[in-house]
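# Chains, contacts and geometry: an overview
Read off the chains here:
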Amino acid sequence: MEFRLKISKRAVAAQVLALVVDASYITASASSAQAFKTATLLKTLNVNSLITGESGVGKKTLARYILPDAPILEASNYNELLIALNSVKEIIITNLENSPNINKILEILDSQNIKVVATAKNLYHNENVDKYFSVKFNIPSLSERPEDVNILVKTFIKEAALLFYAKDEFKIKNFKPDLSQNSHSLRRQVMISYLLQDINENELMTIIQNYLTDKLGSNNDYKNFLHLYEVPIIKAGLQRFKSQLQLSEKLGLNRNTLRKKIAENQKYL
């Protein structure tokens, strides 16, 4: 997979600013579009809602869309939350599962008639919470929303171009999205790829040096960290030359030696 994007600084700035201002929520997939439709309906209703899903799927973005002027507080900040509840008519509470006393919070919300949109992890279950929130809906992970992944990658590329100065063309070759933390890991991956696209040898060696500085100290470190060199060159070589035979010739290695290196580094390949 390769992403190519023609961009100008002015266009990038305008598009990224728009994303920040209206807290855009990607709705390319059917499931994300349905979640957004539900959120749009909730903007007009005086009901309490709970949005569930993994970290990085867009729960807070939708909560902010529903209650654009409400303060956002983390459920674990119990004392701060108690103080805030004395002076608000609506509120967003994130990571509800981390609350040290959720029943007390629900009691205050109910007695003071505060409209609340809360977020929680997928599997969070509490009998009182289930009764309190009139509307509950889940946002699927990005691994279940490939259409959204493609748009998010392009969005993060635009953001990177604005942050690190736009270029005429930016490429991410052989891109395999890191969705381990949904949009969080994907954004980090795009930013790093953007920064490293024009890296030179000295910069690369400095990165490795900084990585190793605090990790060296055992009696066998040369062997322990040799994979940092061997794995990239084996993976790049197999990708480019397609066969171990050609790669062994290009590297000047005996085929058996190359096979041994591949076997030794199998967990990284």
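Preceding this paragraph is the structure being described.
Okay, so let's go over this structure. (Residues numbered from 1 in each chain as written. Predicted model: local features only at pLDDT ≥ 70, side-chain atom pairs only at ≥ 80, totals over all residues. Heavy atoms only, no water.)

## Looking at the packing of aromatic side chains
- Evaluated as defined, the whole model comprises three aromatic pairs.
- Ring centres of tyrosine 25 and phenylalanine 36 lie 6.3 Å apart, and the angle between their planes is 10°; on these two criteria the pair is classed as stacked. One end of the pair, tyrosine 25, is in the loop between helix H1 (9–22) and helix H2 (30–42); the other, phenylalanine 36, is in helix H2, with 11 residues separating them in the sequence.
- With relative accessibility at 10%, the residue tyrosine 25 sits in the buried group.
- By relative accessible area, phenylalanine 36 is classed as partly exposed at 26%.
- Members of the aromatic cluster, each reached through a chain of ring pairs, are Tyr25, Phe36 and Tyr65.
- Here the guanidinium or amino end of lysine 43 rests over the ring plane of tyrosine 65, the centre of that ring lying 4.6 Å away.
- Directly above the ring of tyrosine 211 sits lysine 215, whose terminal nitrogen or CZ lies 4.1 Å from the centroid. (Phe/Tyr/Trp six-rings, centres within 6.5 Å; stacked < 30°, edge-to-face > 60°. Helix = DSSP H or I, 4+ residues; strand = E, 2+ residues; numbered from the N terminus. Buried < 20%, exposed > 50% of the residue type's maximum accessible area, 1.4 Å probe, protein only. Lys NZ or Arg CZ within 6 Å of the ring centre and 35° of its normal.)

## Thoughts on the sheet that holds strand S5 (residues 115–120)
- Read across the sheet, five strands follow the order S3-S4-S5-S2-S6 without closing on themselves; strand pairing throughout is parallel. One side of each edge strand has no neighbouring strand; the edge strands of this open sheet are strand S3 (72–74) and strand S6 (135–138). Pairs of neighbouring strands in the sheet enclose a mean axial angle of 20°, with direction left out of account.
- Two elements, S3 and strand S4 (residues 90–94), share three bridges in a ladder whose sense is parallel. Residue pairing across strands places glutamate 74 opposite threonine 94, the latter belonging to S4. (Pairing = 2+ DSSP bridges. Axes fitted to C-alpha atoms, helices over the stretch in contact; angles between N-to-C directions.)

## Notes on the packing of helix H7 (residues 146–164) against helix H8 (residues 183–196)
- The interhelical angle for the contact between H7 and H8, taken along N-to-C directions, is 45°, at an axis separation of 9 Å. Between H7 and H8, the angle is such that the two are oblique. The interaxial crossing formed by H7 with H8 has right-handed handedness. Contacts from Val149, Leu152, Val153, Phe156, Ile157, Glu159, Ala160, Ala161, Leu163 and Phe164 in H7 reach Ser183, Leu186, Arg187, Val190, Met191, Tyr194 and Leu195 in H8.
- When the residues that make up the contact of H7 with H8 are grouped by side-chain class, the tally is 14 nonpolar, one polar and two charged. (Parallel < 35°, antiparallel > 145°, perpendicular 65-115°, else oblique. Left-handed = near helix turned anticlockwise from the far one by under 90°. Contact = heavy atoms within 4.5 Å. Nonpolar A, V, L, I, M, F, W, Y, C, P; charged D, E, K, R; others polar.)

## Considering the pattern of salt bridges
- The full count for this structure, using the stated rule, is four salt bridges.
- Across the salt bridge formed by glutamate 127 and lysine 131, the nearest N and O atoms sit 3.4 Å from each other. Of this pair, glutamate 127 and lysine 131 both sit in helix H6 (residues 127–132), four residues apart, which is roughly one turn of the helix.
- When its relative accessible area of 62% is taken as the criterion, lysine 131 is described as exposed. (Salt bridge = Lys/Arg side-chain N within 4 Å of Asp/Glu carboxyl O.)

Such coordinate-based values are descriptive only and should not be taken to indicate function.
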